[in-house]
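# Structural characterization, general
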Amino acid sequence: MKITICGCGYVGLVTGALFADRGNKVICVDNNPKIVNALNSGKIHIFEPGLGKLVQESVKRGNLSFIDKVEEAVQNSDVIFLAVGTPSNGDGSFNLSYIKEAAKDIGRALRNSLGFKVVVVKSTVPQGSYKILSGIINQELGDGSLVEWAYVSNPETLAEGTAVKDFQSPDRIIIGTDSDKAFLIMKELYYPFIIKRDRIMRGSPADAELAKLFSNTALATRVAMINEMARVADITPGADMDVVRRMVCEDSRIGYKFMFPSPGYGGSCFPKDIQGLVAQAKIYGYNPKLLSVIHESNEVHKNYMGERVAGLINCQNTTTVAVWGVTFKPQTDDMRDAASIPIITRLINEGINVNVYDPQDNKARGIFGNKVTFFNDQYEAVKNADALILLTEWRQFDSPDFSRLKTQMKGRQLFDLRNRWLPEAANRNGFDYFGVGRNYLLHEKI
Ligand code: UGA
């Protein structure tokens, strides 16, 4: 099939590369000529495991190309995907200006097209957006055009770091459309990914939009809940959140997924989507009580983590703190809404020197600049540090060499904000251990 993808970000690029990999002819459009030139020579501007190789191979085979003008691509395609950014406005609502612009471009390009075209919205949009976006396309199209087109909402369900794998073996593929013809085309397109088991769920565009937002809201709510419980454990004498978590999650109705305490969730999706869902519900006249406080709970938790670390390290006597991992999760370079930002900022404001090591620190360098010192080796970063904070659970941090830490660090405090380490192992090696909801030293003091 011939496909156009508007937007070469995490979603658009993965979608384009994976469809091209299966033999489709894909043109990806981005209005940034620098990105387009780099991609045409096989260089990708984001870190996503497995993606670089897929892009290079498909570009070489002639199945994947990149341009900065949408018109010609749309006219020569059967399916046009919209995968442009929908960032948050300051008030929590989605900023639809880019996607509206892209819908206009597509409408105009369709004017001079022939045959049947499917326009697929993959970007995350507030519930009910299909009305606005299909309205824009129809308006631009005007009367008298020979093209027939149908609207599909096909929200993405990829997680950063595992996006290629998620696309290749999806849990489900959500297709929201009123058109049977468009549905069949979408099924044909995704068929290579569902050969073993049919994963396609069909509903209306409104169903699909709401399902997307509800999925992320459900996951974010679980993380916010376990983090609040961890805070309860912090002040409960003798409680260890990791033990409590296992006792609770073993109940198959509750389960283990997205119930891991952390310094707070981040990324480009949970914070934005949950706020956007609530903002849109309010526009429609309903103020959801529970959903309205999830984002706030997560923000409070991130700040609490910064306060807690700053409170426990005794800022007056601390000169240097080492941080392992700053991205919002492992296997990505993405720093959007990362918990590391408020926590490190809190320490910088105390006048503490912060040494940072992260295996994918290019975006972090742009954010922190020279306010922190970046290292290329995790053990170099801990030299003379009074404390070490684990902020992102990259696999290489799982089994620290405690004796090396002991020789190189000045202090003896370990803040494990991903609960990855055994407190007993840290204690045995002479370190004071602090986790999320598992504050061993504090319990003794209470
Ligand atoms: C999320 C969803 O998982 C995807 O299904 C969805 O397609 C995507 O948003 C999107 O809407 O584009 P992503 O934001 O890439 O994916 O990352 P997640 O793995 O969901 O993690 C989000 C945040 O929650 C991270 O900061 C992570 O550290 C945190 N988290 C996750 C926890 O703190 N505890 C957990 O138990 C799980």
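The structure contained in this document is the topic of the report that follows. The residue numbers shown here count from 1 along each chain, following its written sequence. In keeping with the model being predicted, local features are shown solely for residues with a pLDDT of at least 70 and side-chain atom pairs are shown and tallied solely at 80 or more, while totals for entire chains, interfaces and linings include all residues. For the side-chain quantities, the full set of heavy atoms in the structure was used; hydrogens and water were omitted.

## Section: helix H2 (residues 33-40)
When accessible area is computed with a 1.4 Å probe and restricted to protein chains, residues below 20% of their type maximum are described as buried, those above 50% as exposed, and intermediate ones as partly exposed. Here a helix means four or more residues in a row that DSSP labels H or I, a strand means two or more in a row labelled E, and each is numbered from the N terminus. Here H2 has its buried residues at Ile-35, Val-36 and Leu-39. All buried residues of H2 fall inside an arc of 100 degrees around its axis, so they share one side. Opposite the buried face of H2, by more than 90 degrees, sit the exposed residues Lys-34 and Asn-37. Once H2 ends, the next one or two residues include Gly-42, with phi positive near 85 degrees. Throughout, the arc means that of the directions going from the helix axis to the C-beta atoms.

## A word on the pattern of salt bridges
For this analysis, a salt bridge means a side-chain nitrogen from Lys or Arg found within 4 Å of a carboxyl oxygen belonging to Asp or Glu. This model, assessed by the stated rule, comprises 29 salt bridges. Of the charged contacts in the structure, one is a salt bridge between Arg-108 and Glu-140, with a shortest N-O distance of 3.4 Å. Separated by 32 residues along the polypeptide, Arg-108 in helix H5 (residues 97-111) and Glu-140 in helix H6 (residues 129-141) bring together distant segments of the chain. Between Arg-245 and Asp-242 there is a salt bridge; the shortest N-O distance is 3.1 Å. With Arg-245 and Asp-242 both in helix H10 (residues 241-249), this residue pair falls three residues apart, about one helical turn. Taken individually, Arg-245 and Asp-242 each receive the classification buried, so the pair is uniform in this respect.

## A short note on the site of the ligand
Neighbouring the ligand are 21 residues, the closest being Glu-156, Glu-160, Lys-212, Asn-216 and Ser-262. In the analysis that follows, any N or O atom pair within 3.5 Å is treated as a polar contact, provided that within protein one partner can donate a hydrogen and the other can accept it, and provided that, for residues neighboring in sequence, both atoms belong to side chains. Asn-216 is positioned such that a nitrogen or oxygen atom in its side chain is 2.7 Å from an oxygen atom of the ligand. Where accessible areas are quoted, they stem from the Shrake-Rupley method and a 1.4 Å probe; at the residue level, only the protein chains shown are allowed to cover. Here the ligand loses 89% of its free accessible area of 710 Å² to cover by the protein chains. Among the elements of the structure, helix H9 (205-234) and helix H11 (270-283) are those that each provide at least two residues to the shell around the ligand. It is H9 that contributes the most residues to the shell around the ligand, four residues altogether. Three classes are used, and their members are as follows: Ala, Val, Leu, Ile, Met, Phe, Trp, Tyr, Cys and Pro are nonpolar, Asp, Glu, Lys and Arg are charged, and the others, Gly among them, are polar. Its residues placed into classes, the shell around the ligand shows 11 nonpolar, four polar and six charged. Note that the domain bounds reflect an automated or database-derived domain assignment. Two domains share the shell around the ligand, each providing at least three of its residues, namely domain 1 (2-203) and domain 2 (251-445). Residues are counted as near a molecule or strand when any one of their heavy atoms sits within 4 Å of it.

## A closer look at the sheet that holds strand S12 (residues 387-390)
Note: two strands are recorded as paired if DSSP finds a minimum of 2 bridges between them. Spatial ordering of the open sheet is given by S11-S10-S9-S12-S13-S14, a layout of six strands whose pairing is parallel. For this open sheet the edge positions go to strand S11 (373-374) and strand S14 (432-434), each flanked by a neighbour on one side alone. Whether two residues touch is decided by their heavy atoms; if any such pair falls within 4.5 Å, the residues are in contact. Under this scheme, a helix contributes an axis fitted over its contacting stretch, all axes are lines through C-alpha atoms, and angles between N-to-C directions fall in the 0 to 180 degree range. Of the strands in this sheet, S12, strand S13 (413-416) and S14 touch helix H12 (residues 289-312), which is tilted by about 170 degrees from S13. Seen against the sheet, helix H13 (residues 340-349) touches strand S9 (320-324), strand S10 (353-357) and S12 and runs at an angle of roughly 150 degrees to S10.

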